[in-house]
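An overview of the molecular structure
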Amino acid sequence: MKGMIYLSVILTMCLGAASKVSAERHYEKQEPPRQLTAQQAKTAASNYQKYCSLCHGDDREGHKNDHAPSLRSKSLFESGVPHSILRPLSYGRQGTAMGGYLDEIGGPMTLDETWDLTYWLFWQSGAERVKLTENPIAGDIVRGESVYQQFCSGCHGQKGEGITAPALANPSFLAHNKDDFIRYAIEQGRQGTPMVSFANTLSAEDIDNVTAFIRSKASDAKITQVQLRTLPTPDEYVINPQGEDPHFDLQDGKFVSSADLYRAMQAKQRMVLLDTRVSSVWQRAHLAGSIPFPYYSDLQQRVAELPKDVQIVAYCSCPRAAAEYVTKQLTELGFDNTAVLYEGIFGWMNLGYPVVRAEGLLAQENQEAQH
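Report follows, based on the coordinates. Keep in mind the model is a prediction, meaning the values are calculated, not measured.

Observations concerning the nonpolar core
In this structure, F77, L117, I214, L274 and L306 are the most contacted members of the largest nonpolar core, which totals 66 residues. Of all the elements, helix 2 (residues 38-56) adds the most residues to this core, at six residues. With residues up to four places along the chain from it excluded, the contact list for L274 reads I291, F293, L306, I312, V313, A314, Y315, V326 and L330. The next biggest cluster of nonpolar side chains, apart from the first, holds 18 residues, and it includes L261, A264, M265 and Y315.

Observations regarding the packing of aromatic side chains
This structure, assessed with the given rule, holds 13 aromatic pairs. For the ring pair Y262 and W348, a centre distance of 6.1 Å and an interplane angle of 70° mean the geometry is edge-to-face. With a gap of 86 residues between them, Y262 in helix 11 (residues 258-266) and W348 in helix 15 (residues 344-350) connect regions that are remote in the sequence. On the basis of relative accessible area, Y262 is assigned to the partly exposed category, the value being 25%. Residue W348 is classed as buried on the basis of its relative accessible area of 0%. Aromatic ring contacts, followed pair by pair, group Y51, Y101, Y295 and Y296 into a single cluster. The cationic tip of K308 hangs over the ring face of F335; the distance from NZ or CZ to the ring centre is 5.2 Å. Stacked on the ring of F255, the Lys or Arg R320 has its end atom at 5.8 Å from the ring centre.

A short note on the pairing of strand 7 (residues 338-341)
Going residue by residue along strand 7, you find T338 and V340 tucked away on one face and A339 and L341 tucked away on the opposite face as well. Two elements, strand 2 (residues 255-256) and strand 7, share two bridges in a ladder whose sense is parallel. Across the sheet, residue V256 finds its bridge partner in strand 7, namely L341. Bridge count between strand 6 (residues 312-315) and strand 7: three bridges; the pairing is parallel. The partner of I312 across the bridge, within strand 7, is T338. Assessed by its sense of winding, the connection that carries the chain from strand 6 through helix 14 (residues 321-332) to strand 7 is right-handed.

Considerations on the pairing of strand 3 (residues 271-275)
Looking down a regular strand, the side chains alternate between one sheet face and the other. Burial runs high along strand 3: five of the five residues are buried. Side chains M271, L273 and D275 project from strand 3 onto one buried face, and the interleaved V272 and L274 project onto a second face that is buried too. Bridge analysis of strand 1 (residues 238-239) against strand 3 gives two bridges, and the strand direction is antiparallel. By the bridge assignment for strand 3, I239 is matched with M271. Pairing analysis gives four bridges linking strand 3 to strand 6, with the strands arranged parallel. When the bridges of strand 6 are listed, D275 appears paired with Y315.

Overview of helix 11
Within helix 11, the full set of buried residues consists of S258, L261, A264 and M265. The buried residues of helix 11 all sit within an arc of 130° when viewed along its axis, so they share a single face. Facing away from the buried surface of helix 11 by more than 90 degrees, the exposed residues are R263 and Q266. On its buried face, helix 11 sits against strand 2, strand 3, strand 6, strand 7 and helix 15. Two residues or fewer after helix 11 comes K268, characterised by a positive phi angle close to 60°.

The rules behind the values
Residues numbered from 1 in each chain as written. Predicted model: local features only at pLDDT ≥ 70, side-chain atom pairs only at ≥ 80, totals over all residues. Heavy atoms only, no water. Core = buried A, V, L, I, M, F, W, Y, C linked by side-chain atoms within 4.5 Å. Buried < 20%, exposed > 50% of the residue type's maximum accessible area, 1.4 Å probe, protein only. Helix = DSSP H or I, 4+ residues; strand = E, 2+ residues; numbered from the N terminus. Contact = heavy atoms within 4.5 Å. Phe/Tyr/Trp six-rings, centres within 6.5 Å; stacked < 30°, edge-to-face > 60°. Lys NZ or Arg CZ within 6 Å of the ring centre and 35° of its normal. Pairing = 2+ DSSP bridges. Right-handed = clockwise from strand over helix to strand, strands pointing away. Arc of directions from axis to C-beta.

Written out as structure tokens, the structure reads:
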């Protein structure tokens, strides 16, 4: 009898241990993507430093600015190459600081360059690709929301808006990623980041439930293609050229508030407004009269276009990293009259100040207002 009781206890312990790891599935490996030529790899590495390192870090470590995620994580590249990496790189994440870098939407890179950078990042990660299903993942959305609020909302936000981690309710995130990519991230975590594996914390069922809850946010997700507008020419850089110069009371000698900048714009004061984000997001929305002046611009070439006797105000969405990066270089080149918009463009908009939106976005907003 004692032996039977002992065996029963052992079986119970084994079954309990098995249930703890039951959330982790077995994934079949997938063939690796193509190898890059030496020249392709060199160009991709250079493009990474030019366009990505400001926020993602010189060594892909992430969180250098604006909580940009690590691009080292093996689980990301195991499950995300090519499309879950290529698409945000090409088209950005609408409503976030991540702009699109593909030339067809106003970015600086060709399609071949975005593909090569995607594969360069994969080979740098040392990952092996896994096969994910294309099928939707079924789950209890109500239960999934409860689990999400308990385990995920502290970093990803109660509504999936993103706090210190990516915005999961973002329209382009949901449009570009399949359910199994989301599930894999929850199960496996992201190595080298605060995103831990939940395979031993949540049941397989609850991982499915959270995945289904996140996917449910896609019902309101809309991505609108915009018509590219003509870029301003140097003779249009100065707004209100006949106006008075503004006299800002700059915080820490370099930051201007949205309220002060808006007052100066309303008073028709003379300024140059630099949008230091990737040009594709200037195309979607920007401050009236601003010019696209991306942080990766060749300043030695472009400074000849800028007047030194006019107040320059730079802004970005980081909320300040790219703008500070540009104004610091301008100061070193002899531009003494520069300022950075403290709240950034997202803060500006959240305070209710206006922006110029692309025609496609205006058409969408007008259509929604009629319903």
